[in-house]
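# Close look at the chain arrangement
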Amino acid sequence: MRKPFYVTTPIYYVNDRPHIGHSYTTIAADLLARFHRISGREAFFLTGTDEHGSKVAEAAEAAGLEPRQFCDRVVKHFKDAWEKLSIDNSDFIRTTQDRHVRAVRNLLNVLRMAKTDAGEEVIYSGLYEGLYCTACEKFLTEKDLVGGVCPDHNTPPALLKEKNYFFRLTAFTDKLRKLIEKEELIILPEERRHEVLGLFKQGLTDFSISREHVTWGIPLPFDESQVCYVWVEALCNYITAIGYSADEELFKKWWHEADAVHLMAKDILKFHCIYWPAILMAAGLPLPNKIFLHGFFTVDGAKMSKTLGNQIDPNELVEEFGPDAARYLLLTQYPFGVDGDIQRSNFVRKYNSDLANDLGNLVSRVAKMIIANYDGKLPPPTAKLEGSRELIGKAEELSESVIDHLYNFRIGAAIDDTIGLVRLTNRFFDGNAPWKLVKEGDTKRAGGVLYACSEVLRIVSILLYPTMPNKAKEILSIYGLGEDELDIGLARTFFQLKPGTEINFKDAVFPRLKEQKKSEVAEMEKEEKSSEMIDIDEFARAKMVVAEILEAEKVSGADKLLKIQIDIGDEKRQIIAGIAEYYAPDELKGKKIVVVRNLKPATIRGIDSNGMLLAAHKGKKLYLVTPEGDLPPGTLLS
RNA sequence: GGCGGUGUAGCUCAGGUGGUUAGAGCAGCGGAAUCAUAAUCCGCGUGUCCGGGGUUCGAGUCCCUGCACCGCUACCA
């Protein structure tokens, strides 16, 4: 019996909705877990959400919710998205769950008691010295400052000391570096390993594991005035979900004995490859076996961003292609591990060529011939077919190469090899032209061709199951096969299907999608552009006038909002503006600004807003639009 | 500034330890076939393998150097 397999994704921060980046990691983890399961190992696949920290608390407040309520709401988006993508995780951990809080506090106690090899305390209290902006209520790094002042408030930060607990990372760096060098802790791909070793070379310092000013988090068990640093706590999810300090047997199986793999994108390398192993060492726990960091991808050559509007919502992808193809398409765009580019136009093209034309069409042409000529019963195999030796050989070897690829995280290569066999099978089919044989009366040989192709489809289905679980089962079910046949061992040998088996084929497995012609795409782009253009009448519909600010005050309970009284000449108005982070109420008084007068009134946080002021962002700063000359309030802009 | 990565056909990318005419998929062009989801199959690429040096009998593959892009990290500030 091989070691059980434990795979994790990062726990996703609930500040954000699930996007294609989260999906990518999660699908890959699901794929690996499913693969190991059908190759006869037990597998545990963990994902979840990271719910503590000041950013979550702020986001909750902005939404007018309690943090816990807010989290519940966002978590649902994640769970729904994973269900839609046929993600079969063994557990879903939330850092706000009691089991996690208890385990983290236990671990912190263990660390508190632990000593380094030199006999020093692993956790020590010290002073965190930093530049604190009282208006922001947070520490700023020197990088955040612009000209020595807080860019948001234009005030110099105070040098403040706060008591923190520190983790003595420096006592573990040598040992950890050696483990990575000796590849006892395997960091993949190689470039990432170099990057980690580079961090050691540059020197590392102890890091703070607690915060004084954060409230939404887990209090330290030995000092309740402090909250555990969200990263430290989040990392612990990998062991708290599998029974650390709660279920000894479970924990032994999945952490001490299993092959543990952490999967993630490369941006969180330092936390996972240095902090986390060091914490585990300090606590006397085994390290994970492998940490795999995949790359980033761009969409149509551009970084994904909300402002560019090129974020891909996984739900939309599933709606368009279905869960199986969505998984397939995401993981076949570029090799797993490196950075790459995802092109939207490629999705439809690749769906049609690989799935509809090659795989789906093979399924149909084989099934339909069996139904038409063999009374819907699988004919027996025959010898002496053109190219059958090659076909059978390749088919029987395929599982070995897929296993090799997937053990080494070459997901794309595993899939490509499998589709390669499908292509070979289409060639085999054409080479033997069973439709011609049937016409010539040689139904025996024609049947042999159909049998061989069916066998390939059986093998291919097993090997594609980790990527496309539903479709794999669907193809197997055509041959009357169920989940018991989802076993890599059964993909190794040809001639498993029983002649005479009833064929249950109804609809195309991967219906072909309409591809937009280039001319149509160009047409649409043109339309989009021209529809972006407006004529002067449309512009004139927006009545923008000069306004003078009479009063401004903060909206209580909202960080970003100001309630502003303005004079627009013939009347006085109240507007709500999201500029509190950039302008203090007093400095606004008397300022002349530009507002849209005829914007539909809105109620923001229960307060009426009649109009909108104009402002523009530059980097992290925001500037109000002001008239250059001394225009009186009410002057219409044109 | 340091470290690391990338740069190969129109597009996306393969190309262990250097070795015959540099590959795949997609797109494009031509043809065959008609069982099948207008799907399939066959044929078609004179690519400065980013530039320049070097090592070698021989380099996309090793060394040096330059350029472009990306990532990590530092410092100046």
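Scoring rules and cut-offs
- Counting from 1, residues in each chain are numbered in the order their sequence is written.
- Numbering of ligands from 1 and lettering of chains from A proceed in the order in which they are written.
- Given that this is a predicted model, residues contribute local features only at a pLDDT of at least 70 and side-chain atom pairs are listed and counted only at 80 or more, while totals for whole chains, interfaces and linings are drawn from all residues.
- Heavy atoms throughout the structure, all of them, feed into the side-chain values; hydrogens and water do not.
- Under the scheme used here, helices are H or I runs from DSSP no shorter than 4 residues and strands are E runs no shorter than 2 residues, and both carry numbers assigned from the N terminus.
- Each residue is assigned to one of three classes by its accessible area relative to the maximum for its type, calculated with a 1.4 Å probe on protein chains only: buried under 20%, partly exposed between the two thresholds, exposed over 50%.
- A contact between two residues is defined here by any heavy atoms of the two lying within 4.5 Å.
- What sets the accessible areas is the Shrake-Rupley method with a 1.4 Å probe; for residues, cover comes only from the shown protein chains.
- You can read pLDDT as the predictor saying how much it trusts each residue, on a scale of 0 to 100.
- Pairing between strands requires that DSSP locate at least two bridges from one strand to the other.
- By definition, a salt bridge exists where a carboxyl oxygen of Asp or Glu is found within 4 Å of a side-chain nitrogen of Lys or Arg.
- By the criterion used throughout, a crossover qualifies as right-handed when its path from the first strand across the helix to the second strand runs clockwise, the strands pointing away from the viewer.

Turning our eyes to something else, we now look at the overall build of chain A. Scanning chain A from N- to C-terminus turns up 20 helices and 24 strands. Taking all 638 residues of chain A together, 50% fall into the buried category. Contacts spanning at least 24 positions in sequence make up 74% of the contacts within chain A whose residues lie at least 6 apart. About 30,600 Å² of surface is accessible on chain A, with carbon and sulfur atoms providing 50% of the total.

Let us now look at the confidence of the model for chain A. Summing up the model confidence of chain A, the mean pLDDT is 85 and the portion of residues at 70 or higher is 85%. Taken as a whole, residues 517-534 scores under 50 in pLDDT and shows three contacts with residues more than four places along the chain or in a different chain. ipTM for the predicted complex: 0.86, alongside a pTM of 0.80.

A sheet is described by the order of its strands in space; here five strands give the open sequence E18-E17-E16-E19-E22, paired in antiparallel fashion. Across the chains shown, the open sheet's two edge strands, defined by having one partner strand only, are strand E18 (572-577) and strand E22 (612-613).

As enumerated under the stated definition, the model contains 31 salt bridges in all. Linking Arg41 and Asp259 is a salt bridge whose minimum nitrogen-to-oxygen distance equals 3.1 Å. With Arg41 in the loop between helix H1 (20-38) and strand E2 (43-50) and Asp259 in strand E12 (residues 259-265), this residue pair connects regions lying 218 residues apart in the sequence. Glu400 is the salt-bridge partner of Arg492, the closest N and O atoms lying 2.7 Å from each other. Separated by 92 residues along the polypeptide, Arg492 in the loop between helix H17 (469-478) and helix H18 (518-532) and Glu400 in helix H13 (residues 388-407) bring together distant segments of the chain. Each of Glu51, Arg68, Asp72 and Arg94 takes part in salt bridges that share partners, so that together they form one network.

Side-chain direction in a regular strand flips from residue to residue, so the side chains alternate between the two faces of the sheet. When you tally the buried positions in E2, you get eight out of eight residues, the bulk of the element. At this point the chain moves from strand E1 (residues 5-13), through H1, to the parallel E2, and the crossover so formed is right-handed. Looking at chain direction, E2 and strand E3 (residues 91-94) are connected through four bridges and run parallel. When the bridges of E3 are listed, Thr47 appears paired with Phe92.

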